[in-house]
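Remarks on the overall topology
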Amino acid sequence: MRTTPKYFAILASMAGAALISASCASDGPPTAPVQKNAAAAQAKLQELHAKYDWIGKYHTDGLAYMYKQLMKGNGKPRSRADLCKVAAKAAKEFQKMTRHNDVPAKLLDPALVNETCLADASSANATILVGASGIAAPRKELSAGAVNLLDQISAIASSSTSHYAYVTDIQNVEEQAAYLPFDEAGAVIGVGSIALSSLDYWEANLSSWVSIPGGLQGAYSVSVREMTSANVTSAAAPVIGPAYANWWDNAYVRGFGKVLGADAVSGGRTIVTTWFAGPIGWDAAAASAVFASGATAIVLLF
């Protein structure tokens with residue numbers, strides 16, 4: 001996920017607007033605190049993104065690596081379970097190649113450890129407050145305010161109706177995080193980075209995943225106007241083709257938000273349940289989020 005100068009320019013503009021408003025309302029002391037707080041929040045956001053945006057890039061690169069491994073099927077028939085095992089192995093391999101360590105299994109999402117795809121990874125748990133095997137949740141070390149912001153991120157995918165709305169909602173949560181203690185704000189920024197990178201990746205690559213060899217999906221495409229309940233429920237589900245350039249308006253891929261939400265839920269849940277573990281918890285969250293995203297796509301497409 002990339003943090004553009006334009007984003008910070010927007011924050012600076014918002015801060016300036018706040019200063020002007022405060023100045024017009026009163027010539028008294030409140031102006032200085034507003035200026036100080038807005039400037040401090042902007043500086044903190046820049047620092048947070050510089051430190052934690054690596055997890056978004058990791059997410060995008062991890063999905064690209066997983067896709068390459070899934071494409072090695074040589075056209076042989078493979079079940080959904082087979083594809084999930086390949087995806088899980090790829091997530092673990094990528095973690096070791098890029099972060100140069102093995103994350104303890106107890107810190108990872110149980111689905112990744114068991115190499116299984118959940119039937120509905122994004123909504124199996126309504127919030128990220130669900131502990132991994134052997135770990136109590138929620139962790140008391142992470143404040144209720146931070147957990148609430150993580151939960152907001154996990155819910156955005158199911159409520160957004162456009163790319164713009166999705167990005168704007170994530171950025172609004174990030175702005176709130178600037179007023180948390182630095183490490184807790186980092187947890188929110190890191191999961192936000194996953195969410196935004198997931199959006200960029202899947203908007204560009206979801207249609208490519210239907211070409212993975214050995215999939216069980218039927219081979220035909222229909223436009224949104226041709227979509228009928230018969231088509232949707234037929235044994236041979238429609239292949240997602242060029243007609244679906246805009247996923248947000250796609251009548252068939254109503255599960256698009258599930259793909260986007262799965263990684264935020266898994267990453268956020270892992271951050272909460274491994275908060276006591278320190279930096280290795282970030283590696284666990286990154287690996288878990290990559291698998292959750294790919295596994296959800298596999299469940300929806302095959």
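This section reports on the structure supplied with the text.

It is worth spelling out the packing of helix α4 (residues 80–99) against helix α11 (residues 279–301) at this point. Relative to each other, α4 and α11 sit at 155 degrees, their axes nearing to 9 Å. Here α4 lies roughly antiparallel to α11, going by the angle between them. The two elements α4 and α11 meet at a crossing, and its hand is right-handed. Note on element contacts: α11 touches α4 through Asp 283, Ala 287, Phe 291, Ile 298 and Val 299, opposite Arg 80, Leu 83, Cys 84, Ala 87, Ala 88, Ala 91, Gln 95 and Arg 99. Residues that form the contact of α4 with α11 fall into these classes: 9 nonpolar, 1 polar and 3 charged.

All right, on to the environment of Glu 47 then. By secondary structure assignment, the location of Glu 47 is in helix α2 (residues 31–52). Sequence spacing of Glu 47 and Phe 182 is 135 residues, and the spatial spacing of their C-alpha atoms is 9.5 Å.

Attention shifts here to the packing of aromatic side chains. What the rule picks out here adds up to 8 aromatic pairs. For the ring pair Trp 54 and Tyr 58, a centre distance of 6.1 Å and an interplane angle of 90 degrees mean the geometry is edge-to-face. Of this pair, Trp 54 and Tyr 58 both sit in helix α3 (residues 54–70), 4 residues apart, which is roughly one turn of that helix. Among the aromatic residues, ring-to-ring pairing joins Trp 54, Tyr 58, Tyr 65 and Phe 94 into one connected group. Geometry around Trp 54 places Arg 99 over its ring, the cationic atom sitting 3.9 Å from the centre.

Scanning all chains against the criterion turns up 1 disulfide. What pairs with Cys 84 in a disulfide is Cys 117, and their sulfur atoms sit 1.8 Å apart. Looking along the S-S bond of the Cys 84-Cys 117 disulfide, the torsion reads about -120 degrees, which is the left-handed sense. In this pair, Cys 84 sits in helix α4 while Cys 117 sits in the loop between α5 (110–114) and α6 (144–159), placing the two residues 33 residues apart along the sequence. Assessed through its relative accessible area of 2%, Cys 84 is described here as buried. Accessibility expressed as a relative area gives 17% for Cys 117, which makes it buried.

This part is about the packing of helix α8 (residues 182–205) against α11. Two quantities define a packed helix pair, namely the angle between the axes and the distance from one axis to the other. Put simply, α8 and α11 touch, their axes get as near as 12 Å, and they point 30 degrees apart. When the axis of α8 is compared with that of α11, the two are roughly parallel. With respect to the hand of their crossing, α8 and α11 are arranged in right-handed fashion. Listed contacts from α11 to Gly 186, Ala 187, Gly 190, Ile 194, Ser 198 and Trp 202 of α8 are Trp 282, Ala 289, Ser 293, Gly 294 and Ala 297. Classifying every residue of the contact of α8 with α11 by side-chain character gives 6 nonpolar, 5 polar and no charged.

Look at α6: 22 Å from first C-alpha to last across 16 residues, which is about the 22 Å you get at 1.5 Å a residue. Here α6 has its buried residues at Ala 146, Val 147, Leu 149, Leu 150, Asp 151, Ile 153, Ser 154, Ile 156 and Ala 157. Those residues of α6 that are buried lie in contact with α7 (163–177), α8 and α10 (256–273).

Rules used throughout
Residues numbered from 1 in each chain as written. Predicted model: local features only at pLDDT ≥ 70, side-chain atom pairs only at ≥ 80, totals over all residues. Heavy atoms only, no water. Axes fitted to C-alpha atoms, helices over the stretch in contact; angles between N-to-C directions. Helix = DSSP H or I, 4+ residues; strand = E, 2+ residues; numbered from the N terminus. Parallel < 35°, antiparallel > 145°, perpendicular 65-115°, else oblique. Left-handed = near helix turned anticlockwise from the far one by under 90°. Contact = heavy atoms within 4.5 Å. Nonpolar A, V, L, I, M, F, W, Y, C, P; charged D, E, K, R; others polar. Phe/Tyr/Trp six-rings, centres within 6.5 Å; stacked < 30°, edge-to-face > 60°. Lys NZ or Arg CZ within 6 Å of the ring centre and 35° of its normal. Disulfide = S-S within 2.5 Å. Buried < 20%, exposed > 50% of the residue type's maximum accessible area, 1.4 Å probe, protein only. Expected span 1.5 Å × (residues − 1).

Everything listed is a geometric property; what it means functionally is a separate question.
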